[in-house]
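# Tertiary structure, described
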Amino acid sequence: MWGMIATWTMALEGVTLASQLLQENGEIGQAVEKAICAVEDFPFYKSVGYGGLPNEEMQVELDAGYMDGDTLDIGAVAGIHDFANPVSIAKKLSGEMLNNILVGAGAEKYAHKQGFERKNMLTDRAKIHYKNRLKEMEEEQLEMKPYRGHDTVGMVGIDTQGSMVSATSTSGLFMKKAGRVGDSPIAGSGFYADSEVGAATATGLGEDLMKGCISYEIVHLMNTGLSPQAACETAVNHLEKQLLKRKGSAGDLSVVAMNAQGEWGCATNIENFSFVVATSTQAPTVYLTNRVDGHCVHEKASEEWLKNYMTTRMAPLEEK
Ligand code: GLY
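Presented here is an overview of the structure given in this document. (Residues numbered from 1 in each chain as written. Predicted model: local features only at pLDDT ≥ 70, side-chain atom pairs only at ≥ 80, totals over all residues. Heavy atoms only, no water.)

So, on to the site of the ligand. If you check the shell around the ligand, you find nine residues, and the closest are Thr152, Arg180, Asp183, Gly204 and Gly206. One of the side-chain nitrogen or oxygen atoms of aspartate 183 is found 2.6 Å away from a nitrogen atom of the ligand. At 2.8 Å, a backbone N or O of glycine 204 approaches a nitrogen atom of the ligand. Here the ligand has 200 Å² of accessible area as a free molecule, and 100% of this is covered by the chains. In terms of residue class, the shell around the ligand is built from no nonpolar, seven polar and two charged. (Near = heavy atom within 4 Å. Polar contact = N/O pair within 3.5 Å; in protein donor to acceptor, adjacent residues only side chain to side chain. Areas by Shrake-Rupley, 256 points an atom, 1.4 Å probe, with all protein chains shown as cover. Nonpolar A, V, L, I, M, F, W, Y, C, P; charged D, E, K, R; others polar.)

To continue, consider helix H4 (residues 104-113). Along H4, the residues that are buried comprise Gly104, Ala107, Glu108, Tyr110 and Ala111. On an axial view of H4, the arc spanned by its buried residues comes to 160°, and they lie on one face. Exposed residues lying more than 90 degrees from the buried face of H4 are Ala105, Lys109 and Lys113. Packing partners of the buried residues in H4 comprise strand S3 (73-80), helix H3 (86-94) and strand S4 (101-103). Trailing H4 by a residue or two, glycine 115 shows a phi angle of about 85°, which is positive. (Buried < 20%, exposed > 50% of the residue type's maximum accessible area, 1.4 Å probe, protein only. Helix = DSSP H or I, 4+ residues; strand = E, 2+ residues; numbered from the N terminus. Arc of directions from axis to C-beta. Contact = heavy atoms within 4.5 Å.)

The structure is reproduced here in structure tokens:
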């Protein structure tokens, strides 16, 4: 038995590549890394890796996290510039005895010494998005504010040996302040894995996801006997309720999880959240989910929806 679940439709190609590896008894760490690198490398996904949208100073600052569920080792980078695959750097850091989380210049020095590929991550398309957004804000006389919704790629999975991993990669909020760090490189918030129980990962507004340490919370709930689906729904609904009660608003909160039996779950507080599942008994499939009366109802995405998704992502973009 093996399985993977990942946030957002953009994970489909990567999960498809990685499933072949898992089918041939490959290791989950390699599979997840390969799948996330595929998302990082694709220039038309504007919230992860190459082509990711920049901060308010028009610099692409990337965050990534990785956790090995066998050893509980973690690795993460935050605010790193000009490296092609932050998830690979995070994975490498998870194997170090100390210094597992590195930020900014220190992370770049480490990545350089380890021979990771350098790359200018700011694409012409991302520059157009930035300039258009600046113009919009000037026209509407808005102050510089980051977009709230965000599409981090997060992935969890189990291999035929029973090893589990959770990992993330993101460019963070569009127009964020230089140095801003979200949930994605924070263990327990953006990602968590324990091969004896299960693994989870999150996407959405980092500032709010961190308030609930949501990935750890889901794994903890699975450990009390909840199914991945019930654990995801309980964690999202509870955090949203607390945020509404205490602050009057809640950002986007979306999560996916898998347990050590390969059962999966997903929950969200937004409309049409998409995610990808592949298991030893299920070909890679994109689902859309919506919350109805506190429970998330998952539907397979149609061919037409998938086609439209890619067409929209790759549509020509002009400067306004
Ligand atoms: N969830 C990604 C971020 O807030 O940066």
